[in-house]
Amino acid sequence: MERASYDLLVLGSGPAGEKGAAQAAYFGKKVAVVERTAPLLGGACTNTGTLPSKTMRESALALTGMMSRGLEAAVLAMPKPWSGATLLFREHLVVESERRRIRKNLERHGVDVHSGVASFTDPHTVQVAPQQGGDAQLLRGEVILIATGSRPYRPPFIPFPEPEVYDSDEILAIETIPESMIVLGSGVIASEYACIFAALGVKVTLMDGRDRLLEFLDQEMGDRFAAELSRLGLLLRLGDAPDSCAVDAKTRICTVGTKSGRRESAQAVVASSGRSGNVEDLNLAAIGIVPDKRGNIAVDGQFRTVVPNVYAAGDVIGFPGLASTSMEQGRLAVCHAFGFSYKQRLAPILPYGIYTIPELSYVGASEEDLRKKGTDYVVGQAFMRDNGRGLILGAESGVLKMLVAPDRKILGVHILGPSATELIHVGATAMMQGATIDLFVDAVFNYPTLSELYKYAAYDALGALQRRSVSW
């Protein structure tokens, strides 16, 4: 059996795999990537998750006129039902462009790409079996990085593979946009798809056993977001866990039942109940690694598994499962493995972006976090309805909320509205430097821009601190 040896062997070409491979190759290591879908590279992020869903969102905003500066009701006069091809036209172009970028990046760094399914034979060796048959090969790596990503978890009560029932990957291949849809879940992916289809005029019902949508959010921001969903016409059915799903053989109508006996029906169901790590083909038992029930691999602070030369990064290690953090995890794992000193830690403050309609993003603590810890703070807010750029964009419901300590240090930033996932980096960078609100009070911002919200939220917090000092 053919055998090749490398300094680093990377299993998977998603964000963690690509960046980890390029990092090692940049510093002169001999590197190979094994990808089961090669020559299609990029993992779920490029092919079935992050980029496709965000492109779908932008297409929905454009098709419905919701980007037309406050003309939310001005849905274009297009024949319905819309075709999936219309909605996903741009998505195909974006995905193919990103695949080319990844392929060129690996080629530029001299990284070999092997197509096939990898499985461990010992801690330093994997067997790669081609998907389409043919001879397997053995690859040896002094260091091996597992970056195989994740796939949608499929609850057993949902009748896959009925054509009207989709998981959060399959929905990107939808052929006809239905008139009604049930989305199962209350997390990020469920919320994003619920918003996209509601914006398209689909009657969307979102169902989950949790009491709150996106329960990790600052509660005030979560409440504001829920109000925006109502404005989109989306129905929330929370606090009552779905436990059955059936498709009528004649009408093809989907019915979802809950533990309390409630029934909801629609033309389609999208199940978004979290994700599971892609580990089933790796033969991890051969090297003594035992993933948890969702296929997540445990790692230490250096992203090392229980096997000293085997590292793991990205979705396959679980939370937070973001493309942004996965990239950094892949780089860090490689730096620790080979002793590259230039990068030794992951940022202690991570921004979170949720591409709903409207966007949500936050960094740092929520009000609930601070109250639980007994931390003193004040709130500073700035509203897009009072911001020139916000008015131009028709984003009157948008808000930037800043949580500030008595010494003026910024403890958290929360944003709802257009470009929230871009704006959050201003707050994240300030917090990384331990900045106070004086940074924004003193700064000069272009006018009209949404970035000005930071200045006025800082002024609002400054006023709250001054009022408190007077009352004392």
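Residues numbered from 1 in each chain as written. Predicted model: local features only at pLDDT ≥ 70, side-chain atom pairs only at ≥ 80, totals over all residues. Heavy atoms only, no water.

Caption draft 1: Quick look at the sheet that holds strand E11 (residues 235–237). Here we have 5 strands laid out as an open sheet, ordered E8-E15-E9-E10-E11, and parallel in their pairing. The open sheet is flanked by strand E8 (165–167) and E11, the only strands paired with a single partner. In this sheet, neighbouring strand axes are inclined to one another by 20 degrees on average, regardless of whether the strands run parallel or antiparallel. Inspection of the sheet shows strand E9 (residues 180–184) paired to strand E15 (residues 269–271) by 3 bridges, in the parallel sense. By the bridge assignment, leucine 184 is partnered in E15 with alanine 271. (Pairing = 2+ DSSP bridges. Helix = DSSP H or I, 4+ residues; strand = E, 2+ residues; numbered from the N terminus. Axes fitted to C-alpha atoms, helices over the stretch in contact; angles between N-to-C directions.)

Caption draft 2: Local environment of the confidence of the model for the protein chain. Mean pLDDT for the protein chain: 92, with 95% of residues reaching 70 or above. Within the model, pLDDT remains below 50 along residues 68–78, and this stretch shows 19 contacts once partners closer than five positions in the same chain are excluded. (pLDDT = per-residue confidence, 0-100. Contact = heavy atoms within 4.5 Å.)

Caption draft 3: Local environment of helix H10 (residues 420–432). The terminal C-alpha atoms of H10 lie 18 Å apart, and with 13 residues this matches the ideal 18 Å at 1.5 Å per residue to within 8%. Buried residues of H10: Ala420, Thr421, Leu423, Ile424, Gly427, Ala428, Ala430 and Met431, and no others. (Expected span 1.5 Å × (residues − 1). Buried < 20%, exposed > 50% of the residue type's maximum accessible area, 1.4 Å probe, protein only.)

Caption draft 4: View of the packing of helix H1 (residues 15–26) against helix H7 (residues 323–338). Across the interface, H1 lies against H7 with an axial gap of 7 Å and an inter-helix angle of 35 degrees. The two elements H1 and H7 meet at a crossing, and its hand is right-handed. Side by side, H1 and H7 meet where Pro15, Ala16, Lys19, Gly20, Gln23 and Ala24 of the first sit next to Ala323, Ser326, Met327, Gly330, Arg331, Val334, Cys335 and Phe338 of the second. Residues of the contact of H1 with H7, tallied by class, amount to 8 nonpolar, 4 polar and 2 charged. (Left-handed = near helix turned anticlockwise from the far one by under 90°. Nonpolar A, V, L, I, M, F, W, Y, C, P; charged D, E, K, R; others polar.)

Caption draft 5: Up close: the pattern of salt bridges. For the structure on display, the rule yields 32 salt bridges. Where glutamate 142 meets arginine 140, a salt bridge forms, and the shortest distance between an N and an O atom there is 2.4 Å. By relative accessible area, glutamate 142 is classed as partly exposed at 39%. On the basis of relative accessibility, which here comes to 28%, the residue arginine 140 falls in the partly exposed class. Between glutamate 328 and lysine 343 there is a salt bridge, and its shortest N-O distance comes to 2.6 Å. Placement of the pair is glutamate 328 in helix H7 and lysine 343 in the loop between H7 and strand E18 (352–354), with a sequence separation of 15 residues. Overall, glutamate 328 belongs to the partly exposed group, its relative accessible area being 22%. Several salt bridges share partner residues, and in doing so they unite Asp218, Glu220, Arg224, Glu367, Glu368, Arg371 and Lys401 into one network. (Salt bridge = Lys/Arg side-chain N within 4 Å of Asp/Glu carboxyl O.)

Caption draft 6: Representation of the sheet that holds strand E21 (residues 399–404) within the structure. Spatial strand order, E18-E19-E22-E21-E20: 5 strands in an open sheet with antiparallel pairing. Two strands close off the open sheet at either side, each with one partner strand: E18 and strand E20 (378–383). Across the sheet, the mean angle separating the axes of adjacent strands is 10 degrees when strand polarity is ignored. Here E18 runs beside strand E19 (residues 360–364); their pairing, made up of 3 bridges, is antiparallel. Directly across from glycine 353, in E19, lies its bridge partner serine 361. Contacts from helix H6 (residues 219–232) reach E19, E20, E21 and strand E22 (410–416) within the one sheet, and its direction differs from that of E22 by about 5 degrees. Helix-sheet contacts for H10 involve E18, E19 and E22, and the interaxial angle to E19 is about 10 degrees.

Caption draft 7: Structural view of a nonpolar patch on the surface. The grouping of Tyr26, Phe27 and Tyr342 at the surface amounts to a nonpolar patch, some 380 Å² of accessible area in total. Of note, tyrosine 26 is situated in helix H1. Note on tyrosine 26: relative accessible area 60%, which makes it exposed. (Patch = residues over 30% accessible without salt bridge, like charges linked within 9 Å, V, L, I, M, F, W, Y side chains within 5 Å. Areas by Shrake-Rupley, 256 points an atom, 1.4 Å probe, with all protein chains shown as cover.)

Caption draft 8: Local environment of the nonpolar core. One finds Leu8, Leu9, Leu11, Phe120, Val126 and Ile146 to be the most contacted residues of the largest nonpolar core, which totals 49 residues. It is strand E1 (residues 3–11) that contributes the most residues to this core, 6 residues altogether. Discounting residues that sit within four places of it in the chain, valine 126 has contacts with Leu9, Leu11, Ala118, Ser119, Phe120, Thr121, Gln137, Leu138, Leu139 and Ile144. Counting 44 residues, the second largest nonpolar core, distinct from the first, contains Leu87, Met181, Ala194 and Leu200. (Core = buried A, V, L, I, M, F, W, Y, C linked by side-chain atoms within 4.5 Å.)

Caption draft 9: Focus on the packing of aromatic side chains. Counted by the stated rule, this structure contains 8 aromatic pairs. Measuring from centroid to centroid gives 5.2 Å for tyrosine 26 and phenylalanine 27, while their planes differ by 85 degrees, and the two rings are edge-to-face. Judged by centre distance (5.1 Å) and plane angle (15 degrees), the rings of tyrosine 352 and tyrosine 362 are stacked. A residue pair is termed long-range when its members are at least 10 positions apart, and tyrosine 352 in strand E18 and tyrosine 362 in strand E19 qualify at 10 residues. As far as burial versus exposure is concerned, tyrosine 352 and tyrosine 362 are alike and both buried. Taken together, the aromatic side chains of Tyr26, Phe27, Phe338, Phe340 and Tyr342 make up a single cluster linked through ring pairs. Across the ring face of tyrosine 6, the terminal group of lysine 30 is positioned such that the distance to the ring centre comes to 5.1 Å. Here the guanidinium or amino end of arginine 385 rests over the ring plane of phenylalanine 383, the centre of that ring lying 4.2 Å away. (Phe/Tyr/Trp six-rings, centres within 6.5 Å; stacked < 30°, edge-to-face > 60°. Lys NZ or Arg CZ within 6 Å of the ring centre and 35° of its normal.)

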